[in-house]
Amino acid sequence: MNFLEIVYKNILRRKARTFLSLLGIMIGVSAIVALVGVSNGLKSSALDVMGSLTGDISVTTSGTFFTVEPMNESVMDKIKGIKGVKYIAPVVIIIDVEAMTGGGQGPSSFEVYGIDPVAEKLIGTSATEVKEGRALQASDRYKMIVGSTYAKMKDLKVGSKVKFYERQFEVVGIMETGNFIMDQMRAIPIDVAREVAGVDPDIIHMVRVKVEKPGTEKEVALRINLIVPDVEATTSSEQTEQISEFLDTIETMTWAISAIAAIVGGIGIMNTMLMSVIERTKEIGVFKAVGWSNNDVLKMILLEGFLLGLFGGILGIGGGKLTTIAFAAFLRGFQANITLVLVGEAMLFAVALGVFGGIYPAYKAASIDPIDALRNE
Amino acid sequence: MIELIDLKKYYKIGDIIVKALDGVSIKIEEGEFLSIVGPSGSGKTTLLDQIGALDTPTSGSVIIDGIDIAKIPKSILYMLRREKIGFVFQNHNLIASLTALENVLIPLLPEGINPKKYERALKLLEAVGLKERALHKPSELSAGQKQRVAMARALINNPKIVLADEPTGSVDTKTGQEIMEILKQLNTEFNTTIIIVTHDLEMTRNTERIIFLRDGKIDKETKI
Ligand SMILES: Nc1ncnc2c1ncn2[C@@H]1O[C@H](COP(=O)(O)OP(=O)(O)OP(=O)(O)O)[C@@H](O)[C@H]1O
Ligand SMILES: [Mg+2]
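Model, not experiment: these values are computed from the prediction.

Structural notes on the overall build of chain B
Here is step 1 of the chain: Helix and strand counts for chain B stand at seven helices and ten strands.
Here is step 2 of the chain: Whereas a compact globule of 224 residues would reach a radius of gyration of roughly 17 Å, chain B reaches 17 Å, a difference of no more than 12%.
Here is step 3 of the chain: Each of the 224 residues in chain B was classed as buried or not, and the buried ones make up 55%.
Here is step 4 of the chain: Nonlocal contacts in chain B, meaning residues at least 24 apart in sequence, comprise 67% of its contacts between residues at least 6 apart.
Here is step 5 of the chain: When the accessible surface of chain B is totalled, it reaches about 10,000 Å², and 51% of it is carbon and sulfur.

Looking at the interface of chain A and chain B
Here is step 1 of the chain: Each partner contributes to the interface: chain A provides 25 residues, whereas chain B provides 26 residues.
Here is step 2 of the chain: Taking both sides of the interface into account, the surface hidden between chain A and chain B amounts to around 2,300 Å²; carbon and sulfur atoms contribute 60%.
Here is step 3 of the chain: For the pair chain A and chain B, the interface holds four salt bridges.
Here is step 4 of the chain: Here Asp 369 of chain A ties to Lys 74 of chain B by a salt bridge, and the two come within 2.6 Å at their closest N and O atoms.
Here is step 5 of the chain: For the pair chain A and chain B, the number of links is eight residue pairs in polar contact (both at pLDDT 80 or more).
Here is step 6 of the chain: Put simply, the parts of the chain that give the side of chain A that touches chain B at least two residues each are helix H1 (3–13), helix H10 (281–289), helix H11 (294–330) and helix H13 (370–375) of chain A.
Here is step 7 of the chain: Ranked by residue count, the leading element in the side of chain A that touches chain B is H10 of chain A, at six residues.
Here is step 8 of the chain: Tallied by class, the residues present in the side of chain A that touches chain B amount to eleven nonpolar, four polar and ten charged.

Remarks on unusual backbone geometry
Here is step 1 of the chain: Non-glycine residue Tyr 165 of chain A carries a positive phi angle of around 50°.
Here is step 2 of the chain: Inspection of the secondary structure assignment puts Tyr 165 of chain A in the loop between strand E7 (161–164) and strand E8 (167–175).

Observations concerning the coordination of the magnesium ion (ligand 2)
Residues and elements named next belong to chain B.
Here is step 1 of the chain: Within the protein, Thr 45 (OG1) and Gln 90 (OE1) serve as the donor atoms for the magnesium ion (ligand 2), at 1.9 to 2.5 Å. Of this pair, Thr 45 sits in helix H1 (residues 44–51) while Gln 90 sits in the loop between strand E6 (85–88) and helix H3 (100–105), and the two are 45 residues apart along the sequence.
Here is step 2 of the chain: Exposure remark for Gln 90: the relative accessible area of 42% places this residue in the partly exposed category.

A short note on the environment of Ile 2 of chain B
Residues and elements named next belong to chain B.
Here is step 1 of the chain: Within the secondary structure, Ile 2 is located in strand E1 (residues 2–13).
Here is step 2 of the chain: Linking Ile 2 and Ile 51, residues 49 residues apart in sequence, is a C-alpha distance of 7.9 Å.
Here is step 3 of the chain: Contact partners of Ile 2, with chain neighbours within four places excluded, come to Ile 26, Lys 27, Ile 28, Ile 51, Ile 63, Ile 64, Ile 161, Thr 193 and Ile 195.

Some thoughts on the site of ligand 1
Here is step 1 of the chain: Neighbouring ligand 1 are 14 residues, the closest being Arg 375 of chain A together with Ser 40, Lys 44, Thr 45 and Thr 46 of chain B.
Here is step 2 of the chain: What surrounds ligand 1 is not a single chain but chains A and B.
Here is step 3 of the chain: Between ligand 1 and Gly 41 of chain B, the relevant distance is 2.9 Å, taken from an oxygen atom to a main-chain nitrogen or oxygen of the residue.
Here is step 4 of the chain: For ligand 1, an oxygen atom lies 2.5 Å from a polar atom in the side chain of Thr 46 of chain B.
Here is step 5 of the chain: With the chains in place, 72% of the 630 Å² that ligand 1 exposes on its own is no longer accessible.
Here is step 6 of the chain: Sorting the residues of the shell around ligand 1 by element identifies E1, strand E2 (16–28) and H1 of chain B as the ones contributing at least two each.
Here is step 7 of the chain: A per-class count over the shell around ligand 1 returns five nonpolar, seven polar and two charged.

Description of the sheet that holds strand E3 (residues 33–37) of chain B
Residues and elements named next belong to chain B.
Here is step 1 of the chain: Within the open sheet, the six strands sit side by side as E6-E7-E8-E3-E9-E10. Their pairing is mixed. Taken across any chain shown, the strands that pair with only one partner, and hence form the sheet edges, are E6 and strand E10 (217–223). Within the sheet, the average angular offset between the axes of one strand and its neighbour, ignoring direction, is 15°.
Here is step 2 of the chain: The pairing of E3 with strand E9 (residues 209–214) spans four bridges and is parallel.

A word on the domain arrangement of chain A
Here is step 1 of the chain: Assigned domains within chain A: domain 1 (3–46 + 243–375) and domain 2 (63–229).
Here is step 2 of the chain: Here domain 1 of chain A and domain 2 of chain A have C-alpha centroids that lie 49 Å from each other.

Structural notes on the pattern of salt bridges
Here is step 1 of the chain: The tally for this structure, following the rule as stated, stands at 31 salt bridges over all chains.
Here is step 2 of the chain: The salt bridge partner of Arg 82 of chain B is Asp 296 of chain A, with a shortest N-O separation of 2.6 Å. Here Asp 296 of chain A lies in helix H11 and Arg 82 of chain B lies in helix H2 (residues 77–83), a pairing that spans two chains.
Here is step 3 of the chain: Given a relative accessible area of 14%, Arg 82 of chain B falls into the buried group.
Here is step 4 of the chain: Across the pair Lys 117 of chain B and Glu 111 of chain B runs a salt bridge, and its minimum N-O distance is 3.8 Å.
Here is step 5 of the chain: Exposure remark for Glu 111 of chain B: the relative accessible area of 43% places this residue in the partly exposed category.
Here is step 6 of the chain: Connected through salt bridges with shared partners, the residues Arg 141, Arg 167, Asp 191 and Glu 195 of chain A form a single ionic network.

A closer look at the packing of helix H9 (residues 236–279) of chain A against helix H12 (residues 340–366) of chain A
Residues and elements named next belong to chain A.
Here is step 1 of the chain: For the pair H9 and H12, the least separation of the axes is 8 Å and the interaxial angle reads 35°. Our pair here, H9 against H12, has a crossing hand that is right-handed. Contacts between H9 and H12 involve Trp 255, Ala 259, Ala 262, Ile 263, Gly 266, Ile 269, Met 270, Met 273, Leu 274 and Val 277 on the former and, on the latter, Leu 342, Glu 345, Phe 349, Leu 353, Gly 354, Gly 357, Gly 358, Tyr 360, Pro 361, Lys 364 and Ala 365.
Here is step 2 of the chain: Tallied by class, the residues present in the contact of H9 with H12 amount to 15 nonpolar, four polar and two charged.

Some remarks on the pairing of E1 of chain B
Each regular strand displays side chains that alternate between the two surfaces of the sheet.
Residues and elements named next belong to chain B.
Here is step 1 of the chain: Pairing between E1 and E2: ten bridges, direction antiparallel. For Leu 7, the partnering residue across the bridge sits in E2 and is Val 24.
Here is step 2 of the chain: As consecutive antiparallel partners, E1 and E2 are separated by two residues, and within that stretch Gly 14 has a phi angle of approximately 65°, a positive value.
Here is step 3 of the chain: With five bridges connecting them, E1 and strand E4 (residues 59–64) associate as antiparallel partners. Bridge assignment links Glu 3 to a residue of E4, and that residue is Ile 63.

Remarks on the sheet that holds E1 of chain B
Residues and elements named next belong to chain B.
Here is step 1 of the chain: Strand order in this open sheet of four strands is E2-E1-E4-E5, and the pairing throughout is antiparallel. Only two strands of the sheet have a single neighbouring strand rather than two, namely E2 and strand E5 (67–68).
Here is step 2 of the chain: Along the sheet, H1 contacts E1, E2 and E4; its crossing angle with E1, the most-contacted strand, is approximately 125°.

About the cut-offs
- Residues numbered from 1 in each chain as written.
- Chains lettered and ligands numbered in written order.
- Predicted model: local features only at pLDDT ≥ 70, side-chain atom pairs only at ≥ 80, totals over all residues.
- Heavy atoms only, no water.
- Helix = DSSP H or I, 4+ residues; strand = E, 2+ residues; numbered from the N terminus.
- Rg over C-alpha atoms; globule rule 2.2 N^0.38 Å.
- Buried < 20%, exposed > 50% of the residue type's maximum accessible area, 1.4 Å probe, protein only.
- Contact = heavy atoms within 4.5 Å.
- Areas by Shrake-Rupley, 256 points an atom, 1.4 Å probe, with all protein chains shown as cover.
- Buried area = accessible area lost by both parts, 1.4 Å probe.
- Salt bridge = Lys/Arg side-chain N within 4 Å of Asp/Glu carboxyl O.
- Polar contact = N/O pair within 3.5 Å; in protein donor to acceptor, adjacent residues only side chain to side chain.
- Nonpolar A, V, L, I, M, F, W, Y, C, P; charged D, E, K, R; others polar.
- Donors = N, O, S within 2.8 Å, 3.2 Å for Na, K, Ca; no water.
- Near = heavy atom within 4 Å.
- Pairing = 2+ DSSP bridges.
- Axes fitted to C-alpha atoms, helices over the stretch in contact; angles between N-to-C directions.
- Domains from an automatic or database assignment.
- Left-handed = near helix turned anticlockwise from the far one by under 90°.

Written as structure tokens, this is what we have:
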């Protein structure tokens with residue numbers, strides 16, 4: 001028998017109560033782990049998607065970062081003429097209304113990109129990272145390339161036929177980038193896209209730009225903004241920053257909300273431990289009467305808090321992991337990112353809660369007067 | 001050696017002052033076997049608590065091996081309890097969730113337990129006739145057995161002074177006599193100072209000196 005063992009026994013002695021206080025910590029820690037893990041996952045996906053999706057610079061109608069507003073193809077000539085621009089590639093974005101109303105799909109599976117295969121090759125985007133089959137070619141008409149996740153979702157192989165906007169498309173290639181947003185993408189030739197969407201043949205939604213010299217993206221974007229009217233050029237690093245700032249804010253809020261949840265858990269621990277100390281007044285009095293010091297008692301109760309925190313933390317991390325798995329099942333292809341650092345932080349947080357929750361009860365226990373405790377029946 | 005000098009312990013309850021001990025002076029030599037008797041409420045437990053360094057007096061001195069308990073802070077008194085004193089409480093006060101063996105080991109827990117100490121605890125349980133019950137919880141033991149576990153616990157630290165508050169109070173005469181035998185043996189073999197509180201005059205026959213308490217004062221003293 002040792003100190004830890006008696007503490008362990010003490011905890012096990014009141015199973016229901018221990019379970020409840022563990023639950024408090026567990027919920028708090030689960031929330032932290034799940035929310036931060038998801039936000040980490042979104043961050044890494046969202047961040048590394050930007051470069052490959054938009055090239056060095058993306059140009060859209062001014063003020064339309066999240067919506068799809070059409071532009072006239074003529075802007076392309078203007079952009080092409082700007083100093084420092086190497087290649088450009090147009091994009092037409094079609095919303096797959098059927099997929100949207102069908103529900104249960106990932107975030108980027110609602111959009112289908114109309115791309116120019118030749119320009120795409122020059123600019124070197126993910127539409128050229130084909131794992132099976134081939135990329136789109138200039139001569140292609142009703143051909144489609146799809147991301148590997150989307151292919152898995154719809155059980156598509158190279159050569160499969162898919163119906164889209166009343167037309168039969170043949171899947172000629174499957175892309176795999178490792179990014180869950182990218183891998184749900186679909187792309188078809190740009191003129192076919194305009195045709196099925198029924199828009200004018202000179203409509204585009206976005207122009208992606210590759211600069212001549214890496215490092216000049218900002219400068220070139222500024223030039224585009226100054227020279228070409230009614231468009232907004234954003235560098236991919238700017239977009240990355242915007243998204244990462246947004247996600248940082250979410251993460252901070254996540255921590256704050258979870259911290260509140262966990263502190264409630266901590267108060268729960270304090271409450272249950274205080275009750276158990278009061279219940280054990282006589283027992284603690286006996287410990288002191290037979291030679292335990294105030295510090296020995298303090299240590300025992302704090303250790304109980306520590307153990308509660310530890311177990312609560314372990315359960316919480318497990319719970320958080322399960323939550324993210326459930327979340328990933330809902331959001332296809334998504335990978336939450338529970339880093340070792342996050343696990344460490346969550347564990348530390350849980351243990352700190354247990355110990356802090358234990359301080360007051362431990363102090364109470366240490367100040368029990370053995371004489372009073374023994375006289376009280 | 002234990003010396004009590006004009007020891008007073010008063011309790012104040014509202015406006016009433018209860019004089020639990022009202023000027024007690026005794027000298028107890030090392031290796032003495034002493035009994036304290038007196039009616040209920042006469043201050044026996046209070047006296048034992050004072051000698052056992054469980055409490056500090058209102059006035060007067062409790063000097064144990066030259067140390068005046070009244071002069072040291074309550075928070076340090078545990079050292080005396082741990083090192084010099086073995087206490088058998090009026091009701092055994094065993095921890096219900098622990099086995100007999102674990103209960104015996106409780107005083108040693110803060111400093112850590114090694115196999116040697118385990119062995120000693122087992123030996124003590126054997127000495128009080130409970131070797132077979134070492135792994136039983138208090139709820140599985142009879143009143144007399146519990147009292148004997150409490151005695152083993154009091155002895156685990158090799159105390160120089162053993163204080164027993166009505167050790168035979170809740171057991172039959174035969175078990176009571178067995179308990180007294182153990183104490184007597186301890187007294188003769190290790191020269192341990194033993195002070196028992198009892199209201200059973202039969203039990204006092206084993207001891208060398210009887211102190212009669214009444215209303216917190218020494219009524220009379222008899223040497224046997
Ligand atoms: N904490 C306390 N507060 C107030 N009065 C107390 C307290 N402890 C003891 N007393 C009083 O002191 C007196 C002596 O009590 P004590 O317990 O020493 O008696 P006792 O001789 O051991 O009695 P018994 O034989 O019934 O155990 C009693 O009148 C009791 O009510
Ligand atoms: Mg008493």
